[in-house]
Amino acid sequence: MPVHVLLFEAGTDNEGIHSLELNGRTVVLLFEERDDAERYAGLLEAQDFPVPSVEAIEREEMELFCGQAGYEARFVPTGFLPSSAEERLLIAPPERNMDLTHWKDETSRAAAPDSGEGSSPGSSPESAELEAFRRRLEGLL
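Residues numbered from 1 in each chain as written. Predicted model: local features only at pLDDT ≥ 70, side-chain atom pairs only at ≥ 80, totals over all residues. Heavy atoms only, no water.

Draft legend 1. Spotlight on the pattern of salt bridges. The tally for this structure, following the rule as stated, stands at 4 salt bridges. Across the pair R25 and E72 runs a salt bridge, and its minimum N-O distance is 2.7 Å. Residue R25 is found in strand β3 (residues 25-31), and its partner E72 is found in strand β5 (residues 72-76); the two are separated by 47 residues along the sequence. Taking relative accessible area as the criterion, E72 reaches 25% and is therefore assigned partly exposed. The partner of R34 in a salt bridge is E38, and the shortest N-O contact between them spans 2.9 Å. With R34 and E38 both in helix α1 (residues 34-46) and 4 residues apart, the pair spans about one turn of that helix. Under the relative-accessibility criterion, R34 is labelled partly exposed at 35%. Look at E38 and you get partly exposed, because its relative accessible area is 38%. One network of salt bridges, with partners in common, ties together R25, E72 and R74. (Salt bridge = Lys/Arg side-chain N within 4 Å of Asp/Glu carboxyl O. Helix = DSSP H or I, 4+ residues; strand = E, 2+ residues; numbered from the N terminus. Buried < 20%, exposed > 50% of the residue type's maximum accessible area, 1.4 Å probe, protein only.)

Now the structure itself:
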């Protein structure tokens, strides 16, 4: 079964896969629906992040890649509804992303991770992400 992943500079020597840093784990999102992956890519673009391409790859191949690279593969099924602040990051990227130069400098690793950690000092990462998610939703209105 194919899944849809977000790739940066697909087909080049500097190809990278979109990932999130969640509680010290690097997580790669595997979207069941292409539309969900494209929506997520659009949200990244709205944050002035480089626009990734949406690529269909066999789920088994992606899970193998993630396992070998030390990443966690997270499947995002059609109609997924988050039940926690961490799960919200599976449908909307964090407000603060890691700098693209960080990804380009890591030649031994083909990933462009986002930071899923809160940016407000003195607040918990969960409440900061919840606040960021609320602001993004208000921005859609």
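Draft legend 2. Quick peek at the nonpolar core. Membership of the largest hydrophobic core comes to 16 residues, with the highest contact counts inside it found for L6, L20, L29, F31, Y40 and L44. Only β1 (2-8), β2 (16-22), β3 and α1 provide two or more residues apiece to this core. With 4 residues, α1 is the single largest residue contributor to this core. Core analysis: the second largest hydrophobic core is formed by 10 residues, V3, I17, I57 and M62 among them. (Core = buried A, V, L, I, M, F, W, Y, C linked by side-chain atoms within 4.5 Å.)

Draft legend 3. Broad picture of unusual backbone geometry. Of note in the backbone geometry, E9 takes a positive phi value of approximately 50° without being a glycine. Position of E9 among the secondary structure elements: in the loop between β1 and β2.

Draft legend 4. Quick look at the packing of aromatic side chains. Under the definition given, this model contains 3 aromatic pairs. A centroid spacing of 5.5 Å and a plane angle of 70° characterise the contact between F8 and F49, whose relative ring orientation is edge-to-face. Pair noted here: F8 is in strand β1 and F49 is in the loop between α1 and β4 (53-58), with a separation of 41 residues, a long-range link. A relative accessible area of 2% means that F8 is categorised as buried. Considering the side-chain rings of F31 and Y40, the 5.5 Å spacing of their centres and the 55° angle between planes classify their relative orientation as tilted. Residue classification places Y40 among the buried positions, given a relative accessible area of 0%. One residue, R59, lies across the ring of F75, its end atom 4.0 Å from the ring centre. (Phe/Tyr/Trp six-rings, centres within 6.5 Å; stacked < 30°, edge-to-face > 60°. Lys NZ or Arg CZ within 6 Å of the ring centre and 35° of its normal.)

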